[in-house]
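Inside the fold
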Amino acid sequence: MKLCNIGHEFDYEMEKLIRLFLPFEKIEVLHTEEDDDNCAVCSVYKNGDDIIASVRLRLEDAKASSSAIVDKSIADTKKETQHELGRQLFYCFEKLTGYRPNWGILTGVRPAKLFLRYCNDFGEEYAEKFFKNKFLVNDSKLSLCKSAVKGEEGIIALSKDNSFSLYISIPFCPSRCSYCSFVSHSVEKASDIIPQYVELLCDELKETATIAKRLNLHLETVYMGGGTPTTLSAEQLNRVLGTVTENFDMSTVREFTVEAGRPDTIDQDKLLALKQNGVTRISINPQTMNDDVLQVIGRRHTAKDTVNAFKLARELGFDNINMDLIAGLPTDTFESFKSTMDIILKLDPESVTVHALSMKRASTLNTTGQYSEIKAGSEAQKMVDYSREILRENGIMPYYMYRQSKTVGNLENVGYSKHGYEGLYNVYIMDETHTILACGASAVTKLKDRSQKNIKRIFNFKYPYEYINGFNELILRKTEIGEFYDKYFKRD
């Protein structure tokens, strides 16, 4: 598709909006007006004292156009011009596809954070009207946003200027799921380097702990993710987790989470290793309880394996268990998703995270003029609506939310929990509340100056073999942590 932008510099924003409707379409951005079978002409021009935002859209033989005068009462006229142009493009696509994304023109990953900012700056009533009238967010998503903000506020308030969280990356899995976009390697392919990786990871953790102590930082949460951390042996888990507890001051830690993740990696010895090292929260993530769907997405376990792993964790004393599900998986239906929810609720986890499938494969326009993504999005929307309804009925409420690009239906990921079992780290990382010191391959340290809202990122090497080969350079990068705090904070 050709995107012709005339009289403005909103190339990125208009392309993002097109991808709400055509997530995999190849888009050619031009700054001259052209007429093509698949073309969007987005123009901004003056008409006397007025600024006009105008769009003409053509999808094969179907055409639509829409324009409006930019509201100059909004203080940031440039931003409002971008929003108005986005709304006109949205209206044109809605007319030709019959599809109206529930989040409107809002494409950011942190809608709850944005809503809270508007509430703090202008009041909740203004924030609600702005989301509905300017961003075109529907009532259901606005209600979800408000619920997430309510859940997040209390957690954010726990953090202080010298708070930080620790993230530990274990980028290995028993096999790669078909939908996965994370940096992870199957154990079969990476088994030779795992011992060396664990050794160096422990060295990095020790160095990070030394820096945190020198800066007088207080550790709030620890999160070990991946990949699947429980692909490590019980001995290796003991080594890594023991390094954490022996080197960091754990007296201020409110939450210690490990993604046990794949049920086929969980056994008694590994769970005992977690328990003995002070882990307080684990995730057991089936994604679906439909065995046919599990096969399609490349999972090497069954729904029964999930049930058995969950029951074993309960027997060993884990009283804070999260379970991840995905709405919109290939071949999954609304009825089978409902069945998954029924089984999960019988297990009675403390929290459930419902993700929308992030799409990876390109798709094409079919003969009816509809898009397969739109149809899949409609089914996924029913799934997430049902999950919200049934979880709320069981006292499991939304407490955080974020979004990813190229999700079916432009949907969201939502964390639900019973009261008192909210995943603190989830809120801190998505809100960017405080510093995250990150260790391991692909991990990203985020240094936060809360007074100036400044964030500095320090990137570790992406792949395990790069992490191993470049370890000395990686350790040198950690000197930037002290430099950041020397610049933005007065230390005791």
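Residues numbered from 1 in each chain as written. Predicted model: local features only at pLDDT ≥ 70, side-chain atom pairs only at ≥ 80, totals over all residues. Heavy atoms only, no water.

1. Section: the packing of helix α1 (residues 11-21) against helix α2 (residues 77-97)
Taken N-terminus to C-terminus, the directions of α1 and α2 make an angle of 25 degrees; their axes are 10 Å apart at the nearest point. One way to sum up the angle between α1 and α2 is to call them roughly parallel. As for the relative orientation of α1 and α2, their crossing is right-handed in sense. Residues E13, M14, L17, I18 and F21 of α1 form the contact with α2, whose own contacting residues are Q82, L85, G86, L89, F90, F93, E94 and T97. Across the contact of α1 with α2, the residue classes break down as eight nonpolar, three polar and two charged. (Axes fitted to C-alpha atoms, helices over the stretch in contact; angles between N-to-C directions. Helix = DSSP H or I, 4+ residues; strand = E, 2+ residues; numbered from the N terminus. Parallel < 35°, antiparallel > 145°, perpendicular 65-115°, else oblique. Left-handed = near helix turned anticlockwise from the far one by under 90°. Contact = heavy atoms within 4.5 Å. Nonpolar A, V, L, I, M, F, W, Y, C, P; charged D, E, K, R; others polar.)

2. Focus on the pattern of salt bridges
Scanning all chains against the criterion turns up 28 salt bridges. The closest approach of N and O atoms between R262 and D264, which form a salt bridge, is 3.4 Å. For D264, a relative accessible area of 30% puts it in the partly exposed group. The partner of D348 in a salt bridge is K418, with the nearest N and O atoms 2.7 Å apart. Highlighted residues: D348 in the loop between α12 (334-347) and β13 (351-356) and K418 in the loop between β15 (413-417) and α14 (424-431), separated in sequence by 70 residues. Under the relative-accessibility criterion, D348 is labelled partly exposed at 38%. The structure contains a network of salt bridges with shared partners spanning D71, E80, E84, R87 and K134. (Salt bridge = Lys/Arg side-chain N within 4 Å of Asp/Glu carboxyl O. Buried < 20%, exposed > 50% of the residue type's maximum accessible area, 1.4 Å probe, protein only.)

3. Concerning the packing of aromatic side chains
Here the structure, examined in full by the defined rule, presents 25 aromatic pairs. For the ring pair Y223 and Y425, a centre distance of 4.7 Å and an interplane angle of 20 degrees mean the geometry is stacked. Taken together, the residues span a long stretch of sequence, with Y223 in strand β9 (residues 218-226) and Y425 in helix α14 at a distance of 202 residues. One exposure class covers both Y223 and Y425, and it is buried. Cluster of aromatic residues (ring-pair linked, three or more members): F115, Y118, F122, Y126, F130, F131 and F135. (Phe/Tyr/Trp six-rings, centres within 6.5 Å; stacked < 30°, edge-to-face > 60°.)

4. Thoughts on a positive patch on the surface
There is a patch of like positive charges on the surface, built from K78, K79, R117 and K453. Mapped onto the elements of the fold, K79 is located in helix α2. The class for K79 is partly exposed, based on a relative accessible area of 38%. (Patch = residues over 30% accessible without salt bridge, like charges linked within 9 Å, V, L, I, M, F, W, Y side chains within 5 Å. Areas by Shrake-Rupley, 256 points an atom, 1.4 Å probe, with all protein chains shown as cover. Lys, Arg positive; Asp, Glu negative; His and termini not counted. Charge placed at Lys NZ, Arg CZ, Asp CG, Glu CD.)

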